[in-house]
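# Reading the structure
If you want the building blocks of each chain, they are given just below.
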Amino acid sequence: MQTHEHQHDEDHSHPHPHAPSAKDDGPPGYYEIMETAMRELLVERKLIGPGEIRRQIEVLDSRTPALGAKVVARAWVDPDFRARLFANGRKACEEDFGISFYDDTELIALENTEKIHNLVVCTLCSCYPRPVLGLPPDWYKAKPYRARAVKEPRVVLAEFGTIIPDDVEIRVSDSTAVVRFLVVPRRPEGTENFTEEELAALVTRDAMIGVVPVQLPTANIS
Amino acid sequence: MPEPSSATAAKSLHTVKSFGDQPTWKPGDAIRISVRYPIAHYRVPRYIHGKHGTVEMVLDRALVNNEEEGFGRNAGQLGYYYRVAIPLTELWPGYAGSPNDNLRIEVFETWLEKP
Amino acid sequence: MTQTAHLVNRLPNDIGGVDAERIEQTDHVLEPWEKRCHALADVLDYHKIISTEEKRRGVESLGAKMIGELTYYERWIVAFANILFQKGVLTPDDLAKKMEEVAARHSGPIEAHE
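Residues numbered from 1 in each chain as written. Chains lettered and ligands numbered in written order. Predicted model: local features only at pLDDT ≥ 70, side-chain atom pairs only at ≥ 80, totals over all residues.

What follows deals with the overall build of chain A. A tally of regular secondary structure across chain A gives 12 helices and 4 strands. Among the 222 residues that make up chain A, the fraction classed as buried is 46%. Looking at chain A alone, contacts between residues at least 24 apart form 67% of all its contacts between residues at least 6 apart. (Helix = DSSP H or I, 4+ residues; strand = E, 2+ residues; numbered from the N terminus. Buried ≥ 20, exposed ≤ 12 C-beta atoms within 10 Å, placed from the backbone. Contact = placed C-beta atoms within 7 Å.)

Moving on to the nonpolar core. Soluble globular proteins tend to pack their nonpolar side chains together in the buried interior. Formed by 73 residues in total, the largest nonpolar core has its most connected members in Val72(A), Val203(A), Tyr82(B) and Val107(B). The element best represented in this core is helix α4 (residues 65-77) of chain A, accounting for 7 residues. Apart from residues no more than four positions distant in its own chain, Val107(B) is found in contact with Ile33(B), Val44(B), Tyr81(B), Tyr82(B), Val84(B) and Leu112(B). Within the second largest apolar cluster, 30 residues are counted, among which are Val59(C), Leu62(C), Ile77(C) and Leu84(C). (Core = buried A, V, L, I, M, F, W, Y, C linked by C-beta atoms within 7 Å.)

Next up on the list: the interface of chain A and chain C. The partner chain C presents 55 residues to the 58 residues of chain A that form the contact. Those elements that place two or more of their residues in the side of chain A that touches chain C are α1 (4-8), α2 (30-44), α3 (52-61), α8 (138-141), α9 (143-148) and α10 (153-159) of chain A. Here the side of chain A that touches chain C takes 12 residues from α2(A), the largest share from any one element. Looking at the side of chain A that touches chain C, its residues break down into 27 nonpolar, 12 polar and 19 charged. (Nonpolar A, V, L, I, M, F, W, Y, C, P; charged D, E, K, R; others polar.)

As a further point, take the pairing of strand β2 (residues 52-58) of chain B. Residue and element names in this part refer to chain B. In this structure, strand β1 (residues 30-33) lies alongside β2, joined through 3 bridges in antiparallel fashion. Across the sheet, Arg 32 pairs through a bridge with His 52, a residue of β2. Alignment of β2 against strand β5 (residues 81-87), held across 4 bridges, turns out to be antiparallel. Counted as the bridge partner of Met 57 is Arg 83 from β5. (Pairing = 2+ DSSP bridges.)

Below, the discussion takes up the environment of Asn13(C). By the element assignment, Asn13(C) lies in the loop between α1 (2-9) and α2 (32-46). Counting along the chain gives 67 residues from Asn13(C) to Phe80(C), while the straight-line C-alpha distance between them is 17 Å.

Bringing the packing of α2(A) against helix α6 (residues 92-105) of chain C into the picture now. Direction vectors running N to C along α2(A) and α6(C) enclose 115°, while the axes themselves pass 8 Å from each other. One finds that α2(A) runs roughly perpendicular with respect to α6(C). The interaxial crossing formed by α2(A) with α6(C) has right-handed handedness. Along its contact with α2(A), which presents Ile33(A), Met34(A), Thr36(A), Ala37(A), Met38(A), Glu40(A) and Leu41(A), the element α6(C) presents Asp94(C), Leu95(C), Lys98(C), Met99(C), Val102(C) and Ala103(C). For the contact of α2(A) with α6(C), the residue count by class is 9 nonpolar, 1 polar and 3 charged. (Axes fitted to C-alpha atoms, helices over the stretch in contact; angles between N-to-C directions. Parallel < 35°, antiparallel > 145°, perpendicular 65-115°, else oblique. Left-handed = near helix turned anticlockwise from the far one by under 90°.)

Scope: geometric values only; no functional claims are made or implied.
Below you can see the structure in the form of structure tokens.
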């Protein structure tokens, strides 16, 4: 029987049924009013600047999985960059791509190989490499993934359609502090003649979280 | 506490180090995660409390304990975070996957003990 | 005693390894206020008015019921309010008055006291 605890843990896989939203052109909901009121008070009291929120939204909008995909593709084709990425992920992203780490986190790049498969989770909250991947998907922040990825990663991966052979070691990285993790997936076979740009186009957000491999477009049909 | 590595010790004059001047643990050290009561604001999840593992790496630069930062204290005693490896078979009795499967997690040094 | 022990010995956000359902690969485009809320979190952290670590603690201290029933950014904005009150940056009265003012612009009282 399910306990009270389980029902009331952070369980937010469902979309947002609560507040009416601005996009419906209705009046703002309770929490939106709270957000607006708090922001205006902080600006009135000169605790934050009037343009800071808008500027930060621009920062957030400029961060998408396409950035991480460029980093991964470069690591596949450029051995020097690859070495620097694995030595210090944040420095390599800053120096070669101008990706700033606005949240002052560090970055460790984790390499998937024939023998090792990496998977990233944050069981306590929703730590995620936002500077290089943007904001995480809802399922990453919801209870089922957070609760289960550290206990039964192979079952979780199978739910994403990813079957990892038993002789491959699974490493689950649980973020708790200042380090964020970017999975560098395996370069698919048959891409020897691809340009760096063509390779980057293959790399998905979920592959950089570690829940799926990178596949050629034709491989998705099956 | 374990001694600093012999290479460090040989080069150093005998000075007393502040906490946070150098890491307490080194890669390969066997460790156990503390068990703490009562429940409080911990950044070490409950499922690893009391579990045995190995230090994989010392994370760069000593930092303030983020459990302290949770209370608005942004200065004070520095310490190191360690990336620790714990087998999933250690965490979950009866784990059904490969015995090589493991967790990697950052743990602040105040949570690490000799096994 | 065991009826409520789980409320005491495990914080509601500390869920690694607990029983949970199948993963639904859901996502949604953030509503404008949610994105502003995220940006607010970053800006509050830049100024160390509320650091990321304080925000984490603020969310976990909402308690199991609020954590279970509020959405992600609803939890954040309520946690920010609590922390700002605790630190004396704003008073509950400041926020209540400003919320009335914001609601009035949209021609209606706040429907929070049902």
